[in-house]
Amino acid sequence: MRAHFLLPALLIACHHEPAAKAPEPAGTIEAQIEQGKQLYVARCAKCHGDAGQGSAKAPPVVGKGAFPEKPREGAKRDVDFHTAADVFAWTSKHMPGDAPGSLSTDQYLAIFAFDLTANGIKLDKPLDGPAAQAIVLHP
Ligand code: HEC
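Source: prediction; values computed, not measured. (Residues numbered from 1 in each chain as written. Predicted model: local features only at pLDDT ≥ 70, side-chain atom pairs only at ≥ 80, totals over all residues. Heavy atoms only, no water.)

(A) Examining the site of the ligand more closely. The environment of the ligand is formed by 24 residues, the closest being Cys44, Cys47, His48, Arg72 and Met95. Interatomic distance of 2.6 Å between a backbone N/O atom of lysine 76 and an oxygen atom of the ligand. Mapped onto the shell around the ligand, the elements with two or more residues apiece are helix H3 (45-48) and helix H4 (84-94). The residue inventory of the shell around the ligand, partitioned by class, reads 14 nonpolar, three polar and seven charged. (Near = heavy atom within 4 Å. Polar contact = N/O pair within 3.5 Å; in protein donor to acceptor, adjacent residues only side chain to side chain. Helix = DSSP H or I, 4+ residues; strand = E, 2+ residues; numbered from the N terminus. Nonpolar A, V, L, I, M, F, W, Y, C, P; charged D, E, K, R; others polar.)

Written out as structure tokens, the structure is:
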């Protein structure tokens, strides 16, 4: 078992990593995702759950059940979600549920960059309107 002998070397390598990661430079996708994560925790998690799993108060925004094409039974949402831009347009008007439209466009974009990443969608540059339009969730 070769892997067994590699492990101590890996542990030593990890041990030498600096304790705190240097902040990513502004304007990178990494920085946008990090900003989105902090905003999600501060403004969205209390209803949608720490990991976006949903709660009694709100539907999931991460995982298999997230962003269904059609509104759920009895939902306030009155639009279909085809692309990430559709989700974005509806969300930036109606969310957070307790203060609709209270964030800036850049803040909503950052939250979406974080949320799409959490859903396994790989972004290679900061999310903007055209990029969201190109992400097809339901054709
Ligand atoms: C006070 C609770 C609350 C907070 C805070 C909140 N939401 Fe929501 N959210 C809801 C509820 C309730 C719904 C379902 C609305 C409906 O009936 O269509 C919803 C729906 C959504 C949907 C559509 C989900 C779907 O399947 O239709 C998205 C996306 C979303 N929220 C994102 C966010 C984001 C991003 C934030 C933070 C900026 C946020 N929400 C904060 C309560 C909340």
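(B) Representation of helix H2 (residues 29-43). Look at H2: 20 Å from first C-alpha to last across 15 residues, which is about the 21 Å you get at 1.5 Å a residue. Along H2, the residues classified as buried are Ile29, Ala31, Gln32, Gly36, Leu39 and Tyr40. Elements in contact with the buried residues of H2: H3 and helix H5 (105-118). (Expected span 1.5 Å × (residues − 1). Buried < 20%, exposed > 50% of the residue type's maximum accessible area, 1.4 Å probe, protein only. Contact = heavy atoms within 4.5 Å.)

(C) Layout of the packing of aromatic side chains. Taken as a whole and assessed by the stated rule, the structure comprises five aromatic pairs. A ring pair is formed by tyrosine 40 and phenylalanine 114, whose centres lie 5.8 Å apart and whose planes are at 50°; its orientation type is tilted. Taken together, the positions of tyrosine 40 in helix H2 and phenylalanine 114 in helix H5 put the pair 74 residues apart, joining distant regions of the chain. Grouping residues by exposure puts tyrosine 40 and phenylalanine 114 together as buried. Here phenylalanine 88 and phenylalanine 112 contribute two aromatic rings whose centre-to-centre distance is 5.7 Å and whose plane-to-plane angle is 90°, an arrangement assigned as edge-to-face. Of this pair, phenylalanine 88 sits in helix H4 while phenylalanine 112 sits in helix H5, and the two are 24 residues apart along the sequence. You'll find phenylalanine 88 and phenylalanine 112 in the same group, each marked buried. (Phe/Tyr/Trp six-rings, centres within 6.5 Å; stacked < 30°, edge-to-face > 60°.)

(D) Structural context of the confidence of the model for the chain. On average, residues of the chain carry a pLDDT of 89, and 86% of them reach 70 or more. Highest mean pLDDT in the chain belongs to H3 (98); lowest belongs to helix H1 (residues 2-15) (47). Predicted confidence for residues 6-15 stays below pLDDT 50, and this span has zero contacts to residues more than four positions away or in other chains. (pLDDT = per-residue confidence, 0-100.)

(E) Local environment of the coordination of the iron atom of the ligand. The coordination sphere of the iron atom of the ligand, as far as protein atoms go, consists of His48 (NE2) and Met95 (SD), spread over 2.0 to 2.2 Å. Taken together, the six donor atoms surrounding the iron atom of the ligand define angles of 87 to 179° at the centre, an arrangement classified as octahedral. Taken together, the residues histidine 48 in helix H3 and methionine 95 in the loop between H4 and H5 connect sequence positions 47 residues apart. On the basis of relative accessible area, methionine 95 is assigned to the partly exposed category, the value being 22%. (Donors = N, O, S within 2.8 Å, 3.2 Å for Na, K, Ca; no water. Tetrahedral: all angles 85-135°; square planar, octahedral: opposite > 155°, others 65-115°.)

(F) Examining the pattern of salt bridges more closely. Per the counting criterion, the structure on display carries two salt bridges. Aspartate 98 serves as the salt-bridge partner of lysine 46, at 2.7 Å between the closest nitrogen and oxygen. Here the residue lysine 46 occupies a position in helix H3, and aspartate 98 occupies one in the loop between H4 and H5, the gap between them amounting to 52 residues. By relative accessible area, lysine 46 is classed as exposed at 52%. (Salt bridge = Lys/Arg side-chain N within 4 Å of Asp/Glu carboxyl O.)

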